[in-house]
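Here are the chains, one letter per residue:
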Amino acid sequence: MTAAVVIKYAIELVAVLLLALGIKGLSKVRSARAANQIAAVALALAVLGVLINFLSTSGIDSSAWLWIIGGTLVGGVLGAITSQKVPMTAMPETVALFNGCGGMSSLLVALGVALDPLAGSDGEGTGALVAGISIVVSVFVGAITFSGSVVAMGKLQGWLDTPAWMQSKLRHVINIGLAALSLVAAIALIASGGDQGLWLLVIGSSLLGIGVTLSIGGADMPVVISLLNSYSGVAAAAAGFVVGSQMLIVAGAMVGAAGLILTQVMCNAMNRSLVNVLFGGALGASASAADQGEYQGITSCSAEECALTLETAQRVVFVPGYGLAVAQAQHILREVAELLEAQGIDVAYAIHPVAGRMPGHMNVLLAEADVPYEQLIEMETINPEFPRTDVVIVLGANDVVNPQARNDPSSPLYGMPVLNVEEATTVFVVKRGLSAGYAGIKNILFERPNTSMVFGDAKKVLSGLAQELRELGVGKAKVG
Amino acid sequence: MNDALSLNDALWVLLLGSLLGLELIGKVPPTLHTPLMSGANAISGITVLAALTLIIKAGASGNGALMALGAVSLGFALFNVIGGFLVTDRMLAMFSRKPARQKEKR
């Protein structure tokens, strides 16, 4: 063993260790930021390991350096710009975009090796079979990750809708057909190594990625992105087999497995099963007729009336939801909360585990609007406090405050943990209309005598509320 | 150039890596689902290593087209890595920021 090889192994070992520490640390609030930086250092070390390895053996051609520097500059600069420019509300689609590019990278490497076997592992006997299988896996998973992530991003951005035929059973037939096509192409590629098999596989698996993702509803998309994220780890590990890199196999396998666990954790938090997300229709399909009925006895009020009630409250709890994130109303919400606090009113935010556009997203949005972290209260902690809360303001949330989830075993929501807001003295629900939430069912909270609807876009209603509160003199330091 | 890695070794590495990954994440507070997903996503851009290897090997055999393909792959992977880590850091920085004013109440 030459010194360079020893150094290379030492670097890789440290990189793997740091990577493991990074992933572990990312799952704890206190260590998360440092862990992210540790993982970044680990990746830099891994790159260094590869460069040292080649410099000490075959050397690196100067034209190769040019391409390396070029690719690094373009990808790195674009990545850096994107990461700083995207608004926090667009986080789900941003992660999808990044993830899709990772999948694309694995796909391209496998394509390159497939088109020019010299660049990959040695192809002799079992070696050729292994090389074939790893190329197939890398292309297949890489293509699904890429096309699936692009569709996920398009749907989250509102660029894509689910076409009607996609909601019918027909889509299963089509997807099974595409999967079969990919399988045939894969066998052809492994058996004969022909280019036709390769291109057919690329096309088949890309379309399969689109077919599976296109029918999934926007609220389930985070689970899909998390799953695709796990896939891109698998694609990386497969690419590791393709180019013969131990480091890549270990890191890819780690991310793939950890991503799978995270997907499961997210499914649990959303009360959905992974199978349901991927193959089932939307929850709404199972809603019974009784759930769909017309609303009766709805009271609605203006921002002014809402402000009058708030003025006399002692304790106010905000329940921010998806609608708030979409309306980008987190900053004006903070403003309203500050007015109330200046009046001496106790303010808290009830955070449902899946509030926002994906689990944990609401915490990011409110943190961005400078809401003190200790005012964000998780569901288990705040639920017993609702009976002694004067006013609850629900902002663009629906299913997560539906009492049916606790009371009605026939409801599709039954069993999902919800916020018991109806136990507060008064509940205001800020919502654009009476349309159903993601589960597609009626929310009996809206019919409760202590509930008032404030119709309108969360941002407009909150600005109106802030104005009314100021006119009432709320927030001006009062004596006594 | 596959000297150091036999199939047997590679499969062991795959197995142990997967087991390690399964053990690393146990309970994750919902607050961290988004950053963790984004951070794990950045790590999956580790395919930079494959792209680099492809470019270097193509360079050794003087295959310009393959080098270009590798460079595109490298660009995609680095977009994922750099963008992923920076955006995760941006999110987590918001969590660790100390609240500006402590409330005298409660």
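For clarity, every value in this text was computed on a predicted model and none was experimentally measured. (Residues numbered from 1 in each chain as written. Chains lettered and ligands numbered in written order. Predicted model: local features only at pLDDT ≥ 70, side-chain atom pairs only at ≥ 80, totals over all residues.)

Asks: Looking at this model, I keep getting lost on the overall build of chain A. Mind explaining?
Replies: Helix and strand counts for chain A stand at 19 helices and 6 strands. In terms of overall dimensions, chain A has C-alpha extents of about 80 × 50 × 35 Å along its principal axes. Taken across its 480 residues, chain A has 54% of its residues classed as buried. For chain A, restricting intrachain contacts to residue pairs at least 6 apart in sequence, the fraction spanning at least 24 positions comes to 78%. (Helix = DSSP H or I, 4+ residues; strand = E, 2+ residues; numbered from the N terminus. Buried ≥ 20, exposed ≤ 12 C-beta atoms within 10 Å, placed from the backbone. Contact = placed C-beta atoms within 7 Å.)

Asks: Would you mind showing me how to read the overall build of chain B here?
Replies: Looking only at helices and strands, chain B features 4 helices and 0 strands. Ordered by position from N to C terminus, the α and β elements of chain B give α-α-α-α. Within chain B, the fraction of its 106 residues that count as buried is 61%. The contacts in chain B between residues at least 6 apart in sequence include a share of 62% that link residues at least 24 apart.

Asks: Explain the packing of helix H1 (residues 3-25) of chain A against helix H10 (residues 246-270) of chain A here, please?
Replies: Residues and elements named next belong to chain A. It is the contact of H1 with H10, at a shortest axis distance of 10 Å, that shows an interaxial angle of 10°. Between H1 and H10, the angle is such that the two are roughly parallel. Taking contact as the criterion, the partners of Glu 12, Ala 15, Val 16, Leu 19, Ala 20 and Ile 23 in H1 are, on H10, Gln 246, Met 247, Val 250, Ala 251, Met 254 and Ala 258. (Axes fitted to C-alpha atoms, helices over the stretch in contact; angles between N-to-C directions. Parallel < 35°, antiparallel > 145°, perpendicular 65-115°, else oblique.)

Asks: Help me out: how do you make sense of the environment of Val 429 of chain A in this one?
Replies: All names here are of chain A. Turning to its location among the elements, Val 429 is positioned in strand S5 (residues 426-431). We classify Val 429 as buried; it has 26 C-beta atoms within 10 Å. For the pair Val 429 and Gln 467, spaced 38 residues apart in the sequence, the C-alpha separation amounts to 18 Å. Apart from the residues lying within four places of it in its own chain, the contact partners of Val 429 are Val 394, Phe 446, Thr 451, Met 453 and Val 454.

Asks: What should I look at first to understand the interface of chain A and chain B in this one?
Replies: As a measure of interface size, the accessible area lost when the parts come together is often cited. Taken together, the contacts link 105 residues of chain A with 83 residues of chain B. Only H1, helix H2 (32-56), helix H3 (62-85), helix H4 (91-115), helix H5 (126-157), helix H9 (221-243), H10 and helix H16 (361-368) of chain A provide two or more residues apiece to the side of chain A that touches chain B. When grouped by side-chain class, the residues that make up the side of chain A that touches chain B number 61 nonpolar, 35 polar and 9 charged. (Nonpolar A, V, L, I, M, F, W, Y, C, P; charged D, E, K, R; others polar.)

Asks: Is there a simple way to think about the sheet that holds strand S4 (residues 391-395) of chain A in this case?
Replies: For sheets, the rule is that strands pair by backbone hydrogen bonds, running either parallel or antiparallel. All names here are of chain A. If you trace the 6 strands from one edge of the open sheet to the other, you get S3-S2-S1-S4-S5-S6, paired in parallel fashion. Both outer strands of the open sheet, strand S3 (376-378) and strand S6 (451-455), are each paired with one neighbouring strand and no more. Across this sheet, the average inter-strand angle for adjacent strands is 25°, counted without regard to direction. Note that strand S1 (residues 315-320) and strand S2 (residues 346-351) share 4 bridges and pair parallel. (Pairing = 2+ DSSP bridges.)

Asks: Please clarify how the nonpolar core should be interpreted in this entry.
Replies: Counting residues in each nonpolar core, the largest one holds 203 residues, and the members touching the most others are Leu 19, Ile 23, Val 319, Val 394 and Leu 395 of chain A together with Ile 55 of chain B. Counting contributing residues per domain, this core is built from domain 1 (3-279) and domain 2 (290-471) of chain A, each supplying no fewer than three. (Core = buried A, V, L, I, M, F, W, Y, C linked by C-beta atoms within 7 Å. Domains from an automatic or database assignment.)

Asks: Any chance you could explain the domain arrangement of chain A here in plain terms?
Replies: Residue and element names in this part refer to chain A. Under the domain assignment used here, chain A contains domain 1 (3-279) and domain 2 (290-471). Look at where the C-alpha atoms of domain 1 and domain 2 centre, and you get two points 39 Å apart. Contact with domain 1, which involves 11 residues of that partner, is made by 14 residues of domain 2. If you tally residues by element for the side of domain 1 that touches domain 2, the top one is H10, at 3 residues. Of the residues assigned to the side of domain 1 that touches domain 2, the class counts are 8 nonpolar, 3 polar and no charged.

Asks: Would you mind showing me how to read the confidence of the model for chain A here?
Replies: For any part of a model where pLDDT is low, the fine detail of the predicted coordinates should not be relied upon. All names here are of chain A. Here chain A shows a mean pLDDT of 84. Residues at 70 or above account for 91%. Every residue in residues 121-125 scores below 50 in pLDDT, and together they form 9 contacts with partners more than four places removed in sequence or on other chains. Per-residue pLDDT stays below 50 along residues 281-290; that stretch engages in 14 contacts with residues further than four places along the chain or on separate chains. (pLDDT = per-residue confidence, 0-100.)

Asks: How should I be thinking about the pairing of S2 of chain A in this particular structure?
Replies: Every regular strand shows the same layout, with side chains that alternate between the two sheet faces. Residues and elements named next belong to chain A. Bridge count between S2 and S3: 3 bridges; the pairing is parallel. Note on S3: the bridge partner recorded for Ile 351 is Glu 378. The parallel pair S2 and S3 is bridged by H16, and the resulting crossover is right-handed. (Right-handed = clockwise from strand over helix to strand, strands pointing away.)

Asks: Sorry if this is basic, but what is going on with the confidence of the model for chain B here?
Replies: Taken over all residues, the pLDDT of chain B has a mean of 82, while the share at 70 or more is 85%. Confidence over residues 99-106 of chain B falls short of pLDDT 50; this stretch has 6 contacts with residues more than four positions distant or in other chains.

Asks: Help me understand the packing of H2 of chain A against helix H3 (residues 48-60) of chain B in this model?
Replies: A pair of packed helices is characterised by two quantities: the angle between their axes and the separation of those axes. Packing of H2 of chain A against H3 of chain B brings their axes to within 10 Å, and their N-to-C directions diverge by 20°. Taken together, the axis directions place H2 of chain A and H3 of chain B in an arrangement best described as roughly parallel. The chirality of how H2 of chain A crosses H3 of chain B is right-handed. Residue-level inspection shows Ala 46, Val 47, Val 50 and Phe 54 of chain A of H2 of chain A in contact with H3 of chain B, the latter providing Val 48, Leu 49, Leu 52, Thr 53 and Ile 56 of chain B. (Left-handed = near helix turned anticlockwise from the far one by under 90°.)

Asks: Sorry if this is basic, but what is going on with the pairing of S5 of chain A here?
Replies: Residues and elements named next belong to chain A. Of all the 6 residues making up S5, 5 are buried; the element is thus mostly covered by neighbouring parts of the structure. Looking at chain direction, S5 and S6 are connected through 5 bridges and run parallel. Across the sheet, Phe 428 pairs through a bridge with Ser 452, a residue of S6.

Asks: What should I look at first to understand unusual backbone geometry in this one?
Replies: In most cases, non-glycine residues show a negative phi, while peptide bonds are predominantly trans. All names here are of chain A. The phi angle at Gln 328 is positive, at roughly 50°, despite the residue not being glycine. Inspection of the secondary structure puts Gln 328 in the loop between helix H14 (322-327) and helix H15 (330-342). Judged by the 16 C-beta atoms lying within 10 Å of it, Gln 328 is partly exposed. Despite not being glycine, Asp 370 shows a phi value in the positive range, around 70°. Here Asp 370 is to be found in the loop between H16 and S3. Among the residues examined, Asp 370 registers 15 C-beta atoms within 10 Å and is labelled partly exposed.

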